[in-house]
Amino acid sequence: MFNDQKVSFSGVQPSGNLTIGNYLGALRNFSTYSEAYKTFYCVVDGHAITVRQVPADLRRRTYETLALYMACGLDPNKNTLYVQSHVHEHAELSWILNCFTMFGELSRMTQFKDKSAKHADNINAGLFTYPVLMAADILLYQTDVVPVGIDQKQHVELARDIATRFNAVFPDTFTIPEPVVAKSGMKIMSLADPTKKMSKSDENVNAVVYILDDRDTIIRKFKRAVTDSDTCVRYAEGKDGINNLMSIYSCFTGKTNEEIEREFEGKGYGDFKAAVGEVCADALAPVQEKFNAFLSDKAQLEAQMKKGAEEASYYARRTLSKVQKKIGFVQVK
Ligand code: AQP
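Residues numbered from 1 in each chain as written. Predicted model: local features only at pLDDT ≥ 70, side-chain atom pairs only at ≥ 80, totals over all residues. Heavy atoms only, no water.

A. Structural view of unusual backbone geometry. With phi around 50°, glutamine 142 is a residue other than glycine that occupies positive phi space. Looking at the secondary structure, you find glutamine 142 in the loop between helix H7 (125-139) and strand S4 (145-147). Unlike most non-glycine residues, aspartate 172 shows phi in positive territory, near 60°. Within the secondary structure layout, aspartate 172 lies in the loop between helix H8 (153-169) and strand S5 (178-180). (Helix = DSSP H or I, 4+ residues; strand = E, 2+ residues; numbered from the N terminus.)

B. Highlighting the side chain of aspartate 137. Among the secondary structure elements, aspartate 137 is positioned in helix H7. Of the buried charged residues, aspartate 137 lacks a salt bridge, with lysine 200 as the closest side chain of opposite charge at 12 Å. Here the side chain of aspartate 137 touches histidine 47 through a polar contact of 2.9 Å, side chain to side chain. Those residues in contact with aspartate 137 that lie beyond four places of it in its chain are Phe9, Val44, His47, Gln84 and His90. (Buried < 20%, exposed > 50% of the residue type's maximum accessible area, 1.4 Å probe, protein only. Lys, Arg positive; Asp, Glu negative; His and termini not counted. Salt bridge = Lys/Arg side-chain N within 4 Å of Asp/Glu carboxyl O. Polar contact = N/O pair within 3.5 Å; in protein donor to acceptor, adjacent residues only side chain to side chain. Contact = heavy atoms within 4.5 Å.)

C. Layout of the packing of aromatic side chains. Evaluation of the coordinates by the stated rule reveals 17 aromatic pairs. Where tyrosine 82 meets tyrosine 141, the ring centres are 6.0 Å apart and the plane angle is 55°; that geometry is what we call tilted. With tyrosine 82 in strand S3 (residues 80-83) and tyrosine 141 in the loop between H7 and S4, the pair connects residues that are 59 residues apart, well separated along the chain. Across the pair, tyrosine 141 and tyrosine 82 agree in class, each one buried. For the pair phenylalanine 100 and phenylalanine 166, a centre-to-centre distance of 4.7 Å together with 55° between the ring planes defines the contact as tilted. Taken together, the residues span a long stretch of sequence, with phenylalanine 100 in the loop between helix H4 (89-98) and helix H5 (103-107) and phenylalanine 166 in helix H8 at a distance of 66 residues. Exposure class is identical for phenylalanine 100 and phenylalanine 166. Each is buried. Among the aromatic residues, those joined into a cluster by ring pairs are Phe9, Phe40, Tyr82, Tyr141, Tyr314 and Tyr315. Directly above the aromatic system of phenylalanine 40 lies the positively charged group of lysine 38, at a separation of 5.3 Å from the ring centroid. A cation over a ring is seen here: lysine 298 above tyrosine 63, with NZ or CZ 4.7 Å from the ring centre. (Phe/Tyr/Trp six-rings, centres within 6.5 Å; stacked < 30°, edge-to-face > 60°. Lys NZ or Arg CZ within 6 Å of the ring centre and 35° of its normal.)

These values are about where atoms sit, not about what they do.
Okay, here's the thing in C-alpha cells:
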C-alpha cells in the first residue's frame, strides 16, 4: 500500500517467446487492477539470466515483452511498465533480503529443483536465490496483490515469509503480499505432454502455443495435441490432454466444463481440437495486431521504458531507504 492506494505488482521474464500459459495465467489478468490499484508491471530481465541467454535475443525479447504488455491492454499512463535492470534498487534490496532468507527455504523451491535438473551444467547461485530477487521485486513496492500462475505461488509465499520475518525484527517495514491465482488459466499444460507445464523455454515448439503464433500454426498445434483413446469430450481424472484443452477453451470462451461437454456431445476430438484452435486464434488476433504496431516504434518503447523506470525508482527508493535506515546503514544526504 502506498498513500492509501493498494498496489499490484507482477513480472514476466523475457526468457523466450511468450506462451498462452503466460497470457492466460498472468498477462491478461494484469489489467484488471489498472483502475483501482497502483500497478507495477516489470519485464524481469534479471531473472531471465539465471539460465544462459543469447544477449541479442534477450535484448529483442525485452522490447517484445514490453510491447506485449501494452498489447494486452496495459496503458502506460495508468500502469508503471518498466524493465527490472533499469531500477537498481531491485538488486540492492535483494542482497539485504538474502540475509533474511534461509538456505533450507530456498532448497525447497520446486522451480529450483526443476530448473537445476533441466540445466544440470549450470546450477548457478542466481538460480538458487531467484526467489529472493522476486521477493525484492514485490516488497519494494509495498505490494498488496501479485497476479501469477500457480507455478509462481510458492515464490510469492516465500516473499510473504521473508517480509514477515523482516517485520518481526523491524516492525512496519513491508506490506505482506497476497498471491492472486486466477481460477481459470492457473496452469496451462504442454500440448505434447499434458502432465508438464507449458513453458516458453520448451525445446519442442509443437508443445507450446506462442501468443504470436499465426492462425494456421495455432490451429495445427491444437490438432496435434496429445489426448487419449477415448472419443467423447468430457473432463475426467486421467484425461490430462482433454482436461487441458477444455481449460484452454473455457479460458477463451468463459464456458464451464458442463457447457463444453454439452456443446461437443456426439462430436469427436477432431472437431473439439479445431474449435479450441479457432477460439484461441480469434482471441489472440487483436493482441497480435496491437503488438506489431507497438513494436514497430522502438523509440516510443524506449521512451516508455525510461518513463516507467523513473516512476518505479521513485517508489523503490522510498522503500529501500527505509530498509537501509532500519538495518543500520549510514545514510548521508
Ligand atoms: N503454463 C502456464 N500456465 C499458467 N501460467 C503460467 N505462467 C507461466 N507459465 C504458465 C505464468 O506466467 C507468468 C510469467 O512467468 P515467468 O516468465 O516469470 O516464468 P515462468 O513461470 O518460469 O514461465 P515459463 O513460461 O515456464 O518460463 P521459462 O520457460 O523461462 O521458465 C507467471 O505469473 C507464471 O506463473
